[in-house]
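# Results of the structural survey
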Amino acid sequence: MKKRIAIFASGSGSNAQKIMEHFKYSSLAEVALVLSNNPDAYVVQRADNFEIPSHIFDKRTFYESEEIIDLLKRLEIDIVVLAGFLWLVPQNLLKSFPNKIINIHPSLLPKYGGKGMYGDKVHKAALQAGDQEHGITIHFVNENFDEGEVIHQAKFKIESNDTLETIKFKGQQLEHQYFPRVIENLLKKYN
Ligand code: GRF
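Residues numbered from 1 in each chain as written. Predicted model: local features only at pLDDT ≥ 70, side-chain atom pairs only at ≥ 80, totals over all residues. Heavy atoms only, no water.

## Here's the deal with the pattern of salt bridges
With the rule as written, the count across this model stands at 8 salt bridges. Notably, a salt bridge pairs D120 with K168, separated by 2.8 Å at the nearest N-O pair. Taken together, the residues D120 in helix α6 (residues 120-128) and K168 in helix α7 (residues 164-189) connect sequence positions 48 residues apart. What makes D120 partly exposed here is its relative accessible area of 29%. For the salt bridge of K188 with E184, the shortest nitrogen-to-oxygen distance reads 3.4 Å. Residue K188 and its partner E184 are located together in helix α7, separated by 4 residues, close to a single helical turn. Residue K188 is classed as exposed on the basis of its relative accessible area, which comes to 53%. (Salt bridge = Lys/Arg side-chain N within 4 Å of Asp/Glu carboxyl O. Helix = DSSP H or I, 4+ residues; strand = E, 2+ residues; numbered from the N terminus. Buried < 20%, exposed > 50% of the residue type's maximum accessible area, 1.4 Å probe, protein only.)

And the structure:
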C-alpha cells in the first residue's frame, strides 16, 4: 500500500505544490490530504488542482480537541509535513505521530528560528548579521518552534550583490529541490 502524506500549510503552498507534483505518479507514496488553518490560503486552491482533498480547521479544534488526530488516523496518514504552517503543534498530535512530523524552515537552524521568525524576517536577519552563507533546514518537529532534530540542511553563499529578494529566491529553490526528496527518503525507511 502507498504511504500517505498529510501536508499542513497556512499560506501560498509552493512547497506543498512541489510535494504534490513529486508524488503525483509515485508508487511509493501519495499526498492524501492538505490541512490549513486559513480558508483563503492559496494552498487550498493548489490541492484542488491536484484533486487532493483539503480540510480547514480553527484554533479551538486544533488545540482543544482530538478532531485533527482522529482525521489523520482515519485516513491512515504515515507522515505529517508542515510546509509553511505557522502554528505550534500541540502535544497530543506530537504524541500520536512520534518522529513522523517534519517541518521546513528557511534558514540554517539554529540560526534565525523560533516564534515569530518566519518569512522575510528570517532573511533580513541573515543579511543584517552579515552572514556569508544562508540556507534551509528540514527537521523533526517537537514542542518548540524550529527546534527538533535536523534531518537535512542545504546552503548557498551570500554574495555581495545579494538582496532580500535574491536570497529569498535562492532559499526557495533549495526548499523545492530538497523537501520532496527528503520526504521520499524518510518514507522509504518506514515499513
Ligand atoms: C517556506 O519558506 C518554509 O521554509 C517556511 O514557510 C515558507 C512556506 O512557503 N516554513 P510556501 O507556502 O511553501 O510557498
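## Some words on the site of the ligand
Inspection of the region around the ligand gives S12, G13, S14, N15, G84, I104, H105, P106 and E175 as its neighbouring residues. The separation between an oxygen atom of the ligand and a polar main-chain atom of P106 is 3.4 Å. Contacts to the ligand include E175, whose side-chain N or O atom sits 2.4 Å from an oxygen atom. Alone, the ligand offers 370 Å² of accessible surface; in the complex the protein occludes 78% of this. Here the ligand is seated within the largest pocket. Going through the elements one at a time, α1 (14-23) and β5 (101-105) are the ones with two or more residues in the shell around the ligand. Of the residues that constitute the shell around the ligand, the class distribution is 2 nonpolar, 6 polar and 1 charged. (Near = heavy atom within 4 Å. Polar contact = N/O pair within 3.5 Å; in protein donor to acceptor, adjacent residues only side chain to side chain. Areas by Shrake-Rupley, 256 points an atom, 1.4 Å probe, with all protein chains shown as cover. 1 Å grid on protein atoms, 1.4 Å probe; cavity = no way out; pocket = protein on both sides within 12 Å on 5 of 7 lines; lining within 4 Å. Sits in = over half its atoms within 2 Å of the grid points. Nonpolar A, V, L, I, M, F, W, Y, C, P; charged D, E, K, R; others polar.)

## Structural notes on a negative patch on the surface
On the surface, a cluster of negative charge is made up of D58, E66, E67 and D70. Tracing the sequence through the fold places D58 in the loop between β3 (54-56) and α3 (59-64). On the accessibility criterion, D58 (41% relative accessible area) is partly exposed. (Patch = residues over 30% accessible without salt bridge, like charges linked within 9 Å, V, L, I, M, F, W, Y side chains within 5 Å. Lys, Arg positive; Asp, Glu negative; His and termini not counted. Charge placed at Lys NZ, Arg CZ, Asp CG, Glu CD.)

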